[in-house]
Amino acid sequence: MLSTYDGLAVKPGAVRASVSDRKDEAALAAVRSVALTPTLVAEDTAAWMSPLERTTLLREIDAQLCFEMSERYEIAAPDGVADAKVRAILSHVRATGRVSSAASAAAGFFIPGPIGLRAPGTLGGLGVEAEMVAADGKQLAAITWTRQGMAVGTDNPSLSRIGDAMQFAEPFADDAAKAMTATDRKPIKIAKPDPCAQYGSRVRVEGMAAKFATGLYVPQMSGAKADSPQP
């Protein structure tokens, strides 16, 4: 669903995620402001999700993209004037196994440590594509990104079917923002008022507390403040 896939190359050094990207360094250096459009969904990708799950996940992707891009560019309204537009497409979602996640969390509670163990039936996944396009329609940068949950690692189990996908929204957004930023561009101060305020706090203390207490990732506490589910 990107405007073009020409020039995409596998990103070397990516460990947990499968990443391909490309960027036009010279064109990106001239970009100062971007407009972020709501994340779209590829056909049949989210058929198993409920309207609330779908809305929650899409909003988390939107939130994390906003947080990351606002550290690099001025954020304009989706229909406002900007040097470029950023669009993302949800291309893959694999459900997190809830029953096995409870067992994994219990095991983690009795055998604590920095590296967790998860049962194979718990592992979900997320795939997203994104691009930055100039006002004339020219693609300035693009990325395809996929990550699956790991049986051994730091991914938190969850009783939510979208638990893994929600957790992976932040690393996706981080990689996407890097792909859409000229290499020598320095971070900027976040504008005031915060252009991402509609998504709630950038630091979700309540979600951290829930993970500490239960060993589980809880989207209702850890994700961006959600709107009403869409049909």
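Residues numbered from 1 in each chain as written. Predicted model: local features only at pLDDT ≥ 70, side-chain atom pairs only at ≥ 80, totals over all residues. Heavy atoms only, no water.

## A short note on a nonpolar patch on the surface
On the surface, a nonpolar cluster with roughly 280 Å² of combined accessible area is contributed by Met1, Tyr5 and Leu40. Looking at the secondary structure, you find methionine 1 in the segment before strand S1 (9-10). (Patch = residues over 30% accessible without salt bridge, like charges linked within 9 Å, V, L, I, M, F, W, Y side chains within 5 Å. Areas by Shrake-Rupley, 256 points an atom, 1.4 Å probe, with all protein chains shown as cover. Salt bridge = Lys/Arg side-chain N within 4 Å of Asp/Glu carboxyl O. Helix = DSSP H or I, 4+ residues; strand = E, 2+ residues; numbered from the N terminus.)

## Focus on the state of the cysteines
One covalent bond between the sulfur atoms of two cysteine residues makes up a disulfide. If you walk through the whole model with that rule in mind, you get one disulfide. Shown here is the disulfide that connects cysteine 66 with cysteine 196, its sulfur atoms set 2.1 Å apart. Judged by the torsion about the S-S bond (-95°), the cysteine 66/cysteine 196 disulfide is left-handed. You can see cysteine 66 sitting in helix H2 (residues 51-69) and its partner cysteine 196 sitting in the loop between helix H4 (163-179) and helix H5 (205-214), a full 130 residues away along the chain. (Disulfide = S-S within 2.5 Å.)

## So, H4
Along an α-helix, residues three or four positions apart point the same way, because every turn accommodates 3.6 residues. Over its 17 residues, H4 runs 25 Å from end to end, which matches the ideal 24 Å to within 8%, given 1.5 Å per residue. Maximum bend of H4: about 30°, positioned at alanine 169, with proline proline 171 one to four residues after it. Most of H4 is tucked away: 15 of the 17 residues are buried. (Expected span 1.5 Å × (residues − 1). Bend = angle between axes of the 7 residues up to and from the residue. Buried < 20%, exposed > 50% of the residue type's maximum accessible area, 1.4 Å probe, protein only.)

## A short note on the side chain of aspartate 62
Along the chain, aspartate 62 falls in helix H2. Of the side chains with opposite charge, arginine 59 comes closest to the buried, unpaired aspartate 62, at an N-O distance of 6.0 Å. A distance of 2.6 Å separates the side chain of aspartate 62 from the side chain of threonine 39, its partner in a polar contact. Residues contacting aspartate 62, with those up to four places away along its chain left out, are Thr37, Pro38, Thr39 and Tyr199. (Lys, Arg positive; Asp, Glu negative; His and termini not counted. Polar contact = N/O pair within 3.5 Å; in protein donor to acceptor, adjacent residues only side chain to side chain. Contact = heavy atoms within 4.5 Å.)

## Here's the deal with the pairing of strand S6 (residues 84-94)
Sheet analysis places strand S3 (residues 33-36) next to S6, joined by three bridges and oriented parallel. When the sheet's bridge partners are listed, valine 34 is paired in S6 with alanine 84. When strand S4 (residues 40-41) meets S6, the two strands line up parallel, connected through two bridges. From the neighbouring strand, valine 41 faces S6, where its bridge partner is leucine 90. The sheet contact formed by S6 and strand S8 (residues 125-134) spans 10 bridges and is antiparallel. Counted as the bridge partner of arginine 94 is glycine 125 from S8. (Pairing = 2+ DSSP bridges.)

## Let's talk about the nonpolar core
Ranked by size, the top nonpolar core spans 47 residues in total, and within it Leu90, Met132 and Phe172 carry the most contacts. Those elements that place two or more of their residues in this core are strand S2 (17-23), S3, H2, S6, S8, strand S9 (139-148) and H4. Excluding anything up to four places from it in sequence, phenylalanine 172 contacts Ile61, Leu65, Val128, Ala130, Ile143 and Trp145. (Core = buried A, V, L, I, M, F, W, Y, C linked by side-chain atoms within 4.5 Å.)

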